[in-house]
Amino acid sequence: MESQTKFVAISNQKGGIGKSAFTVLLASYFHYLKGKNVLVVAKGIFKSIINMDYIFTPIMPDRMAMQSSMSFVATVQNYINLTPGAPLKEIHVFWNRVNIIYYGYEK
Ligand SMILES: Nc1ncnc2c1ncn2[C@@H]1O[C@H](COP(=O)(O)OP(=O)(O)OP(=O)(O)O)[C@@H](O)[C@H]1O
Ligand SMILES: [Mg+2]
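Residues numbered from 1 in each chain as written. Chains lettered and ligands numbered in written order. Predicted model: local features only at pLDDT ≥ 70, side-chain atom pairs only at ≥ 80, totals over all residues.

Focus: unusual backbone geometry
- Of note in this structure, R97 is not a glycine but carries a positive phi near 50°.
- Inspection of the secondary structure puts R97 in the loop between β3 (90-95) and α4 (100-103). (Helix = DSSP H or I, 4+ residues; strand = E, 2+ residues; numbered from the N terminus.)

Written as structure tokens, this is what we have:
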């Protein structure tokens, strides 16, 4: 039995940054293309994400969003550094909504 459930959070304290959009993409990819069983759960923040295996954090090129996102990532990374036995192993940041550089907020 090589199947082992992985717990992944798409998380950021900042709103409107693409968490839901990326969650749907990722769940669809694993289910329809990879044939995996996928369960998607909408949950609150810190208490639940520290029990994940991995966190993926969308960020967007906006000053306020970046300040909020970086403080979130720093807090989580600090928790990981201080808690070696925790389920949570890594947090990864990726760019999303980069088109606002060109089109601004109107589009
Ligand atoms: N890569 C993308 N390309 C185009 N539109 C996007 C992209 N990512 C997100 N959006 C759009 O940006 C808006 C915000 O995205 P989304 O609802 O996924 O953010 P969220 O982080 O889940 O927000 P909330 O914190 O309110 O739940 C939505 O209208 C979504 O369709
Ligand atoms: Mg959402």
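Points about the environment of K36
- The residue K36 is located in the loop between α1 (19-33) and α2 (46-49) in this model.
- Spatially, the C-alpha atoms of K36 and V24 are 14 Å apart, while their sequence positions differ by 12 residues.

Remarks on the site of ligand 1
- Taken together, G15, G16, I17, G18, K19, S20, A21, N96 and R97 make up the full set of residues adjacent to ligand 1.
- When grouped by side-chain class, the residues that make up the shell around ligand 1 number two nonpolar, five polar and two charged. (Near = placed C-beta within 6 Å. Nonpolar A, V, L, I, M, F, W, Y, C, P; charged D, E, K, R; others polar.)

As for helix α3 (residues 63-82)
- In this model α3 runs 28 Å from its N-terminal to its C-terminal C-alpha over 20 residues, within 8% of the 28 Å that 1.5 Å per residue would give.
- Taken residue by residue, α3 has S69, F72 and V76 as its buried positions. Down the axis of α3, the smallest arc covering the buried residues is 65°, so these residues share one side. What points out from α3, more than 90 degrees from its buried face, is the exposed set R63, M64, Q67, S71, A74, N78, N81 and L82.
- In the core, the buried residues of α3 are packed alongside β2 (54-59) and β3. (Expected span 1.5 Å × (residues − 1). Buried ≥ 20, exposed ≤ 12 C-beta atoms within 10 Å, placed from the backbone. Arc of directions from axis to C-beta. Contact = placed C-beta atoms within 7 Å.)

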